[in-house]
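Each chain, written out:
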Amino acid sequence: MDDLDRRWEEFENSCRSCKDCDLCNGRNNVVIYRGGRKAPLMIIGEAPGESEDLEGKPFVGRSGKLLQHLIKSFGIRDEDYHICNICKCRPPQNRRPLPNEIKACKKHLAEQFRLVDPKIILLCGSTAYEGFFNEKPLMGDVRGVFTVKNGYEIMVTYHPAYALRNPKMKIPMMEDFEKVYKRLVELKLIEPSPAINR
Ligand code: URA
C-alpha cells in the first residue's frame, strides 16, 4: 500500500466513524465520493438523499442521472472528476444541512481537497456555495463565472435537482459545464473529447 492509499484509508475510516453532528444517528452510510481519487475536477453538491444514503455513493439518484448526463456529454472520463457533497450524511427528510452540520463536515472536506488536489471546483447549488464562501448567493448573479480562491478555480452552477424541477435551467447548466470542460482542456488537464466539436 503506498502513502496515498494509506491516507485515503485513514480519511475514509475517519469519515465512517464520525459522530461530530446529529446526522450520524439516521445514516445508513457515510457518503464520501465517486469518481477518481486524484482528479482535476471536483464537483460538490449539498448532501446525500435517500438513494445515496442507501448506496453509499453521491449523486446516484435522479439528480445524479442528470449530473452524469452532463459530465458524459462533454466526454469527461470517470478518472477526471471527483464527486462529493458539503455534508457526508443524509439530513432527515432531505432538508438542507444546518450550519452546524456543514461546519462539522468541513474538516473532512478539507482533507478531501488535499487528497484529490483538484484544479477546478464546480459547486452545485446554493448550499454548496454557502458552505464554500460563507454567504448566501443569488444564484442567477453568481453562476457561470470562475472565481479563484485558495489556488482553485471555482464555478457555481445550479443544483441538478433544481434543473429537474425547472427544466429550462438545464440550458444554463449545460453552458456552465461547457465552460468547465473548455477550461480543463485549456489548462491541459484533460484531453479534448473527440465527441465535442466546439
Ligand atoms: N443531491 C446532492 O446534493 N447530493 C447528492 O449526492 C444527491 C443529491
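Everything that follows concerns the structure shown earlier in this document.
Residues numbered from 1 in each chain as written. Predicted model: local features only at pLDDT ≥ 70, side-chain atom pairs only at ≥ 80, totals over all residues. Heavy atoms only, no water.

A. Local environment of the overall build of the protein. Each helix and strand in the protein was counted, giving eight helices and six strands. The order of α-helices and β-strands along the protein, N terminus first, is α-β-β-α-α-β-α-β-α-α-β-β-α-α. Whereas a compact globule of 198 residues would reach a radius of gyration of roughly 16 Å, the protein reaches 16 Å, a difference of no more than 12%. C-alpha atoms of the protein, sized along the principal axes, occupy 50 × 45 × 30 Å. Taking contacts inside the protein between residues at least 6 apart in sequence as the whole, the part at least 24 apart equals 72%. Counting every atom, the protein has about 10,200 Å² of accessible surface; 49% of that belongs to carbon and sulfur. The average position of the 33 basic charges and that of the 28 acidic charges among the side chains of the protein differ by 3 Å. (Helix = DSSP H or I, 4+ residues; strand = E, 2+ residues; numbered from the N terminus. Rg over C-alpha atoms; globule rule 2.2 N^0.38 Å. Contact = heavy atoms within 4.5 Å. Areas by Shrake-Rupley, 256 points an atom, 1.4 Å probe, with all protein chains shown as cover. Lys, Arg positive; Asp, Glu negative; His and termini not counted. Charge placed at Lys NZ, Arg CZ, Asp CG, Glu CD.)

B. Representation of the packing of helix α1 (residues 3–16) against helix α4 (residues 99–116). For the pair α1 and α4, the least separation of the axes is 11 Å and the interaxial angle reads 160°. Our classification of the angle between α1 and α4 gives roughly antiparallel. Crossing of α1 against α4: the hand is left-handed. Along its contact with α1, which presents L4, R7, W8, F11, S14 and C15, the element α4 presents H108, E111, Q112, R114, L115 and V116. Partitioned by chemical class, the residues of the contact of α1 with α4 number six nonpolar, three polar and three charged. (Axes fitted to C-alpha atoms, helices over the stretch in contact; angles between N-to-C directions. Parallel < 35°, antiparallel > 145°, perpendicular 65-115°, else oblique. Left-handed = near helix turned anticlockwise from the far one by under 90°. Nonpolar A, V, L, I, M, F, W, Y, C, P; charged D, E, K, R; others polar.)

C. Geometry of the pairing of strand β4 (residues 120–124). Within β4, five of the five residues are buried, which leaves it mostly tucked inside the rest of the structure. Alternating positions in β4 separate into two faces, I120, L122 and C124 on one and I121 and L123 on the other, with burial throughout. In terms of strand pairing, strand β2 (residues 41–45) meets β4 through four bridges, oriented parallel. Residue I43 lies in a different strand from β4, and its bridge partner there is L122. Note that β4 and strand β6 (residues 152–157) share five bridges and pair parallel. Looking at the pairing, L122 lines up with M155 of β6. (Buried < 20%, exposed > 50% of the residue type's maximum accessible area, 1.4 Å probe, protein only. Pairing = 2+ DSSP bridges.)

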